[in-house]
Amino acid sequence: MKLLVKFNLVFLLVFALGLGASGTIARKLLQQGAQDEVLDRARLLMESAMAVSTYTATQVAPLLQTQMTYTFLPQSVPAYSSSEVLNALRKNHPEYAYKPAMLNPTNPRDRAQDWEEDVISRFKQSPDEKEFIGQRDTPSGLVTYIARPIKITNPDCLRCHSTVEAAPKPLVEKYGPANGFGWTLNEVLGAQVVSVPMSVPLERAERNFKVVMGLLTGVFLLIGLALNLMLWQLVIRPVSKLSQLSDRVSLGELDAPEFNVKSKDEIGTLAQSFTRMRKSMVHAMKMLDS
C-alpha cells in the first residue's frame, strides 16, 4: 500500500470521527438554543400577561366599582383582561397560547384540561415551586409550556369568590352560583400556562445544523486536499525521484544525474546523504578499476 493511500485512509478515519463528534455536539447546542429561545418567548408572554393583570387590578378595577354594583363587567377581572390581550395577540401568532387554567373557575373557558390539572396538582404538592417547565405532544407537534401557580394573596379578591352570598349579585347572575366560589387565601387555585410550539425553532435549528455540517465538511475536504498536495510535493515526489536514482546507481549507472534539492528539511538532508554515498561509491568503483 502506497504512502498516499495510507495517509488518506488515516485522514478519512479522523475526518469521520471528527465530523461525527462535531455533528453530535453542534446538534445538541442548536437544539438547546432552540429550547432556550422558546422559553424566553414563553416567559415574555407570561410577564406580559402578569403586567396586564396588575394594570387591571390596580388601575382599571377601581374605576369600575360603581358600575359593578349594577352589572358585572368582566373587564375588571385581571385574569379576563390578560386572556383577552394575549388572545388578541394570537390573531397574528396563532401558534402561541395562554390560559389561566383553574380547577374551579368563574368563567367556564378557564376550566383546566386533564394535563393542566396535573400541573396544578404538582403546584399543590410543592407549594414553594414557582415555575414548572414541561413539554407535551400535540397534533401540530411538540409544544413547550411554562406554568406558574395562581394563588389569592389579596383578601379583597375573596369578596367575589368566598361564598355565593358574599359575591356581587351581577357576578352570580352572569356566571351562576355553581362555579368560582369556595376559594381560600394562599391556596393554589390554578396555573397560568403559556404554550409555545417547538416546530419552528427546531426546523430553524435543523437548517442551521445542515449549514454547519456543510461548512465543516467543506473545511475538512479543503484541509485534506491541501495536505495531499503538500505530501505529494514535499515528500512523495522527491522521494520517488530519489528512489529511481538509487535504483539506477545500484545497477551501475554512475553517470545518472545528481539529485538536487534546495530545501533544508529532512528530504534535503536525505538528498545530501545520498549524494555523499554516490560520490563514495563512484570513488570506490574507480579505485577497483585501477
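The structure displayed is predicted, hence computed values, not measured ones.

Draft legend 1. Geometry of the pattern of salt bridges. Considering all chains together, one arrives at eleven salt bridges under this definition. Arginine 204 is the salt-bridge partner of glutamate 37, the closest N and O atoms lying 3.1 Å from each other. In this pair, glutamate 37 is assigned in helix 1 (residues 3-60) and arginine 204 in helix 6 (residues 199-250), connecting sequence segments 167 residues apart. The closest approach of N and O atoms between glutamate 84 and arginine 109, which form a salt bridge, is 2.9 Å. In this pair, glutamate 84 sits in helix 3 (residues 78-89) while arginine 109 sits in the loop between strand 1 (97-102) and helix 4 (114-125), placing the two residues 25 residues apart along the sequence. Owing to a relative accessible area of 37%, arginine 109 belongs among the partly exposed residues under this scheme. What emerges from the salt-bridge pattern is a single network uniting Arg43, Glu47, Glu131 and Arg148.

Draft legend 2. Broad picture of the packing of aromatic side chains. Per the counting criterion, the structure on display carries five aromatic pairs. On the numbers, 5.0 Å between centres and 75° between planes, the contact of phenylalanine 15 with phenylalanine 220 is edge-to-face. With a gap of 205 residues between them, phenylalanine 15 in helix 1 and phenylalanine 220 in helix 6 connect regions that are remote in the sequence. Across this residue pair, the class does not change: phenylalanine 15 and phenylalanine 220 are buried. Aromatic pair phenylalanine 132 and tyrosine 145: ring centres 6.1 Å apart, planes at 55°, arrangement tilted. Of this pair, phenylalanine 132 sits in strand 2 (residues 132-138) while tyrosine 145 sits in strand 3 (residues 141-151), and the two are 13 residues apart along the sequence. Both residues of the pair, phenylalanine 132 and tyrosine 145, count as buried.

Draft legend 3. The packing of helix 1 against helix 3, seen in detail. Interhelical geometry of helix 1 versus helix 3 gives an angle of 135° and a closest axis separation of 8 Å. As the angle between them shows, helix 1 and helix 3 are arranged oblique. Note on packing geometry: the crossing formed by helix 1 with helix 3 is right-handed. For the pair helix 1 and helix 3, the contacting residues are Leu45, Ala49, Val52, Ser53, Thr56 and Ala57 in the first and Pro78, Ala79, Ser81, Ser82, Val85, Leu86 and Leu89 in the second. Tallied by class, the residues present in the contact of helix 1 with helix 3 amount to nine nonpolar, four polar and no charged.

Draft legend 4. Just the nonpolar core, in detail. In terms of nonpolar packing, the biggest core is built from 13 residues, with Ala42, Leu45, Leu86, Tyr98, Ile146, Val194 and Val196 touching the most fellow members. Secondary structure elements with two or more residues in this core: helix 1 and strand 4 (188-197). Looking at which element gives the most residues to this core, the answer is helix 1, with six residues. Contacts of alanine 42, omitting those with residues within four sequence positions, involve Ile146, Val194 and Val196. Core analysis: the next-biggest nonpolar cluster, separate from the first, contains twelve residues, Ala101, Ile120, Tyr145 and Val188 among them.

Draft legend 5. Representation of the environment of methionine 68 in the model. Here methionine 68 shows up in helix 2 (residues 65-68). What makes methionine 68 buried here is its relative accessible area of 14%. Residues methionine 68 and leucine 225, spaced 157 residues apart in sequence, show a C-alpha to C-alpha distance of 80 Å. If we ignore the near neighbours within four places in the chain, the residues touching methionine 68 are Leu73, Ser76 and Pro170.

Draft legend 6. How the structure looks around the confidence of the model for the chain. Per-residue confidence for the chain averages 82 on the pLDDT scale, and 91% of its residues sit at or above 70. Taken element by element, the chain is modelled with least confidence in helix 7 (residues 266-289), mean pLDDT 71, and with most confidence in helix 4, mean pLDDT 91.

Draft legend 7. Representation of the pairing of strand 1. The buried fraction of strand 1 amounts to five of the six residues, a majority that puts the element mostly inside the structure. As paired strands, strand 1 and strand 4 are joined by six bridges and run antiparallel to one another. Across the sheet, the residue bridging to alanine 97 is serine 195, located in strand 4.

Draft legend 8. The arrangement of the sheet that holds strand 2 in detail. Read from one edge to the other, the open sheet built from four strands follows the order 1-4-3-2, with strand pairing classed as antiparallel. Since the sheet does not close on itself, it has two edges, and those belong to strand 1 and strand 2, each with one partner. When strand polarity is set aside, the average angle formed by the axes of neighbouring strands in this sheet is 30°. Here strand 3 pairs with strand 4 via nine bridges, running antiparallel. Residue pairing across strands places isoleucine 150 opposite glycine 190, the latter belonging to strand 4.

Procedures and definitions
- Throughout this description, residue numbers start from 1 for each chain and increase along the sequence as written.
- Residues qualify for local features only when their pLDDT is at least 70, as the model is predicted, and side-chain atom pairs are given and counted only at 80 or more; totals for whole chains, interfaces and linings, by contrast, use all residues.
- The basis for the side-chain values is all heavy atoms of the structure; hydrogens and waters are excluded.
- One speaks of a salt bridge when a side-chain nitrogen belonging to Lys or Arg is within 4 Å of a carboxyl oxygen belonging to Asp or Glu.
- A helix here means a DSSP run of H or I that spans at least four residues, while a strand means a run of E at least two residues long, and both kinds are numbered starting from the N terminus.
- The rule is simple: take the accessible area with a 1.4 Å probe, protein chains only, and divide by the maximum for that residue type; under 20% is buried, over 50% is exposed, in between is partly exposed.
- Paired rings are identified among Phe, Tyr and Trp, the last through its six-membered ring, by centres lying within 6.5 Å, and are further divided according to the angle between planes into stacked (under 30 degrees), edge-to-face (over 60) and tilted (the rest).
- Here the axes come from fitting lines to C-alpha atoms, over the contacting stretch only for helices, and the angles between their N-to-C directions go from 0 to 180 degrees.
- Orientation categories follow fixed angle ranges, with anything under 35 degrees roughly parallel, anything over 145 roughly antiparallel, 65 to 115 roughly perpendicular, and all other angles oblique.
- Crossings are assigned a handedness: left-handed for a near helix turned anticlockwise from the far helix by less than a right angle, right-handed for a clockwise turn.
- Two residues form a contact once any of their heavy atoms are found within 4.5 Å.
- Side-chain classes follow a simple rule in which Ala, Val, Leu, Ile, Met, Phe, Trp, Tyr, Cys and Pro form the nonpolar group, Asp, Glu, Lys and Arg form the charged group, and the remainder, Gly included, forms the polar group.
- Side-chain atoms within 4.5 Å link the members of a nonpolar core, which is a set of buried Ala, Val, Leu, Ile, Met, Phe, Trp, Tyr and Cys residues.
- pLDDT: the predictor's confidence for each residue, scored from 0 to 100.
- Whether two strands pair depends on DSSP finding at least two bridges between them.

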